[in-house]
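# Topology and contacts: notes
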Amino acid sequence: MHEDAKGGHRAAEPGTAAPGGVDREFLSLEREMTVLLRRARASQAEMAREVHPELESSAYGLLVRLDECGSQRATALAAYIGVGKATMSRQLRALEELGLVAREPDPADGRAWLIALTDDGRRRVGKVRDARRGRYVRQLDHWDRREVAELARLLHELNGVMEKHES
C-alpha cells in the first residue's frame, strides 16, 4: 500500500517490491492475514465462553468439527486439529466434564470409541454458531452476495493449499 495525497492508502502496482525485496502483494497478504488471525483468535475465545464459561478457546474447534461431521474417533480429531494424543485426551476429558461431549462405542470396531456432542453440547454450539453467522450477515450486508461467495471460495482455496503444505 502507498499513502495517497490525502493520507489514505492505495494499492501498489502488482509485482512491485517493497523494501527488503518482498512483493507488495505478499506483504499486504501477510498484514491482512495477521489481522484476520488475531481477530479470529479473539472471536474463538469469545465463542468458547458463550458455549460454556469454563471452555478453553482451543477446544471450541473440536466442538465445531463434531457439529459439522458427527461422531469422530479421538485420533481423527487430533489429526484434524493438529495436536498429540495426550493433548487431545486432556481436552476431551474437560469437554466430557462440562457435559458437552460423550464417548460411545464405535460400531465398526468394538475396541474403539467415538466422541459425539451431547444434546446440550449440540444446542450450545448451534446457538453460538447461529449468532456468529448473524454477525457476518449484519457486518457484510452491504456486500454483494457474489463478493461474499468469492471471499468464501478464495478462503476455501487458501485453506486447501495450506492443508497440503502441512502434511
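In this report, the structure presented in the accompanying data block is examined. Remember, predicted model here, so these are calculated numbers, not experimental data. (Residues numbered from 1 in each chain as written. Predicted model: local features only at pLDDT ≥ 70, side-chain atom pairs only at ≥ 80, totals over all residues. Heavy atoms only, no water.)

### A closer look at the overall build of the chain
- A count of helical and extended segments in the chain gives 6 helices and 4 strands.
- If you list the helices and strands of the chain from N to C, you get β-β-α-α-α-α-β-β-α-α.
- Split into buried and exposed, the 167 residues of the chain put 24% on the buried side.
- Of all intrachain contacts in the chain linking residues separated by at least 6 positions in sequence, the fraction that spans at least 24 positions is 41%.
- Approximately 11,900 Å² of the chain is accessible, and the part contributed by carbon and sulfur atoms is 54%. (Helix = DSSP H or I, 4+ residues; strand = E, 2+ residues; numbered from the N terminus. Buried < 20%, exposed > 50% of the residue type's maximum accessible area, 1.4 Å probe, protein only. Contact = heavy atoms within 4.5 Å. Areas by Shrake-Rupley, 256 points an atom, 1.4 Å probe, with all protein chains shown as cover.)

### So, the pairing of strand β4 (residues 109–117)
- For strand β3 (residues 101–106) and β4, the ladder comprises 6 bridges, and the chain directions are antiparallel. Within β4, the position partnered with Glu-104 by the bridge is Leu-114. (Pairing = 2+ DSSP bridges.)

### Points about the packing of aromatic side chains
- Counted under the stated rule, the structure contains 0 aromatic pairs.
- Lying over the aromatic face of Tyr-80, Arg-65 brings its terminal NZ or CZ to 3.8 Å of the ring centre. (Phe/Tyr/Trp six-rings, centres within 6.5 Å; stacked < 30°, edge-to-face > 60°. Lys NZ or Arg CZ within 6 Å of the ring centre and 35° of its normal.)

### Quick notes on the nonpolar core
- The biggest cluster of nonpolar side chains holds 22 residues, and the ones touching the most others in it are Val-51, Leu-55, Leu-63 and Leu-95.
- Of all the secondary structure elements, the ones that give two or more residues to this core are α1 (24–51), α2 (57–69), α3 (74–81), α4 (85–97), β4 and α5 (119–139).
- Among the elements that take part in this core, α2 stands out by supplying 6 residues, more than any other.
- Residue contacts for Leu-55: discarding those within four places in its chain leaves Ala-48, Tyr-60, Leu-63, Leu-95, Leu-98 and Leu-100. (Core = buried A, V, L, I, M, F, W, Y, C linked by side-chain atoms within 4.5 Å.)

### Some remarks on α2
- Buried residues of α2: Ala-59, Tyr-60, Leu-62, Leu-63, Val-64 and Leu-66, and no others.
- Where α2 is buried, its residues contact α1, α3, α4, β3, β4 and α5.
- Residue Gly-70 follows α2 closely and has a positive phi angle near 80°.

### Brief notes about a nonpolar patch on the surface
- Together, Leu-36, Trp-143, Val-148, Leu-151 and Leu-155 make up an exposed nonpolar region whose accessible area comes to about 380 Å².
- Residue contributions to the nonpolar patch peak at 3 residues, all from helix α6 (residues 145–166).
- Tracing the backbone through its elements, the reader meets Leu-36 in helix α1.
- By relative accessible area, which is 42% here, Leu-36 ends up partly exposed. (Patch = residues over 30% accessible without salt bridge, like charges linked within 9 Å, V, L, I, M, F, W, Y side chains within 5 Å. Salt bridge = Lys/Arg side-chain N within 4 Å of Asp/Glu carboxyl O.)

### With respect to the pattern of salt bridges
- Tallied over the full model, the rule gives 13 salt bridges.
- Here Glu-96 makes a salt bridge to Arg-103, at a shortest N to O gap of 3.0 Å.
- The partly exposed category is assigned to Glu-96, whose relative accessible area is 30%.
- Taking the relative accessible area as the measure of exposure, Arg-103 reaches 36% and is therefore partly exposed.

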